[in-house]
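Next come the chains, spelled out residue by residue.
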Amino acid sequence: MLEPTVSPRPSVVALAASLVFLAACQREEAAPVPPPAPAVSAPPVVAVGPAPVLDRAGLLQAMDVAASAYAAGKDPGGATLAGRRFVIRQAFGCAGSSPTVQSSVGAPAGDGLAAWSRIDKGKSLRLTLAPADWTGSPMLAGGADSWEAAEGFWLPRPWLRADGCPGVLSNPETDDAAAASPQTVGLAAVFEEDGSRLGRRNGRAYEFTVRAEGDQAPVAPTNGYRLVLEGRMAAFADGRAIRCRADGPDQRPVCIGAVQLDRVAFEDAEGQGLSEWRPG
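In this report, we go over the structure that sits alongside the text. None of these values were measured; they are calculated from a predicted model.

**Brief notes about the overall build of the protein chain**
- Of regular secondary structure, the protein chain possesses 2 helices and 11 strands.
- Counting all 280 residues of the protein chain, 35% fall into the buried class.
- Pairs at least 24 apart in sequence give 76% of the contacts found in the protein chain among residues at least 6 apart.
- Taken as a whole, the protein chain presents about 17500 Å² of accessible surface, with 54% of it coming from carbon and sulfur.

Laid out in structure tokens, this is it:
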């Protein structure tokens, strides 16, 4: 006699089906793993070196920008120049003794300009530079509370960026000597109240004498001499290194840069040093 067949329980059947489905899923290929994102490298570190030393051309360009901004009634800028080092060479005595020129800050005419002249009955040449006393000049009024004195130096022929003599010395169509233009660009060496007084000239000129060699008197230089001014740009009370002023809209602004002067020197036209002065 045959025994009746008993059907499996529904739960057992469901468990078996689940196991079959799971095994089938395991046999399927795994989904591809996306490639890793490329590593983002940090930007290279660029070393920022010191600002380049200002020469005559660079400083005159900054003065032109400040003069134009002042004339337009805009912020003249110049704050970024504070602390910049400068070495300025400029020719003087290109056509003989430097002419007397008009001053624009109330200082005596001719002060703050280098010149040379013959002495000892023509047997020697004397190079001189007498800084102007700009301590009480309206150009520097309120410049900084800590300033006690200021000595001025003009940068003649500011339209000429080169540090040599001009190529055109006179107008061939006239016999009259043209009057020199008023000075409009200068540097004011400022001195702190509690600072060293060794660098102050107090009215004394820088002087050097080119003496005769034997019986041969020195020849007047056809390419002039060179004045060297070296130091660091200072700042007025507003943080700017340059200040400009003008009496009217139709006058070229006069621009003065505040500086701490480290060196004054005379050179010949070839750059050979003749004499120098340092505060220490």
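**Side note on the sheet that holds strand S2 (residues 114-119)**
- Pairing is antiparallel across the open sheet formed by 3 strands, whose spatial order is S2-S3-S7. Each edge of the sheet is formed by a strand with only one pairing partner; in this case those strands are S2 and strand S7 (206-210). For this sheet, the mean inter-axis angle between neighbouring strands, taken without regard to orientation, is 20°.
- Bridging between strand S3 (residues 124-129) and S7 involves 5 bridges; their strand directions are antiparallel. The residue of S7 that forms the bridge with arginine 126 is threonine 209.

**A short note on helix H2 (residues 56-71)**
- Across its 16 residues, H2 extends 22 Å between first and last C-alpha, which sits within 8% of the 22 Å expected from 1.5 Å per residue.
- Inspection of H2 places Arg56, Leu59, Leu60, Ala62, Met63, Ala66, Ala67 and Ala69 among the buried residues, and these make up the whole buried set.
- Against strand S1 (85-92), strand S6 (185-192), strand S8 (225-233), strand S9 (242-245) and strand S10 (254-267) lie the buried residues of H2.
- Glycine 73, located one to two residues past H2, shows a positive phi value of around 75°.

**Things to note about the side chain of arginine 243**
- Summarising the element assignment, arginine 243 is placed in strand S9.
- Among the polar contacts listed, one links the side chain of arginine 243 to the backbone oxygen of methionine 139, at a separation of 3.1 Å.
- A distance of 2.9 Å separates a polar atom in the side chain of arginine 243 from the backbone oxygen of alanine 141.
- Look past the residues within four positions of arginine 243 in its chain and what remains in contact with it is Met139, Leu140, Ala141, Gly142, Gly143, Phe236, Val254, Cys255 and Ile256.

**Observations regarding the nonpolar core**
- If you look at the biggest cluster of nonpolar residues, it comprises 37 residues, and the most contacted ones within it are Phe86 and Leu187.
- Element by element, the count of residues in this core is highest for H2, at 6 residues.
- Those residues in contact with phenylalanine 86 that sit more than four places away from it in its chain are Val53, Leu54, Leu187, Leu229, Glu230, Gly231, Arg232, Met233, Val259 and Leu261.
- Formed by 15 residues, the second largest nonpolar core is a distinct cluster that contains Met139, Ala188, Val190 and Ala234.

**Digging into the packing of aromatic side chains**
- Per the counting criterion, the structure on display carries 6 aromatic pairs.
- Ring geometry for phenylalanine 92 versus phenylalanine 266: centroids 5.8 Å apart, planes at 50°, classification tilted. Pair noted here: phenylalanine 92 is in strand S1 and phenylalanine 266 is in strand S10, with a separation of 174 residues, a long-range link. The same class applies to phenylalanine 92 as to phenylalanine 266, namely buried.
- Through successive ring pairs, a cluster of aromatic residues spans Phe92, Tyr206, Tyr225, Phe266 and Trp277.
- The lysine or arginine in question, arginine 201, covers the ring of tyrosine 206, its NZ or CZ lying 4.1 Å from the ring centre.

Procedures and definitions
- Residues numbered from 1 in each chain as written.
- Predicted model: local features only at pLDDT ≥ 70, side-chain atom pairs only at ≥ 80, totals over all residues.
- Heavy atoms only, no water.
- Helix = DSSP H or I, 4+ residues; strand = E, 2+ residues; numbered from the N terminus.
- Buried < 20%, exposed > 50% of the residue type's maximum accessible area, 1.4 Å probe, protein only.
- Contact = heavy atoms within 4.5 Å.
- Areas by Shrake-Rupley, 256 points an atom, 1.4 Å probe, with all protein chains shown as cover.
- Pairing = 2+ DSSP bridges.
- Axes fitted to C-alpha atoms, helices over the stretch in contact; angles between N-to-C directions.
- Expected span 1.5 Å × (residues − 1).
- Polar contact = N/O pair within 3.5 Å; in protein donor to acceptor, adjacent residues only side chain to side chain.
- Core = buried A, V, L, I, M, F, W, Y, C linked by side-chain atoms within 4.5 Å.
- Phe/Tyr/Trp six-rings, centres within 6.5 Å; stacked < 30°, edge-to-face > 60°.
- Lys NZ or Arg CZ within 6 Å of the ring centre and 35° of its normal.

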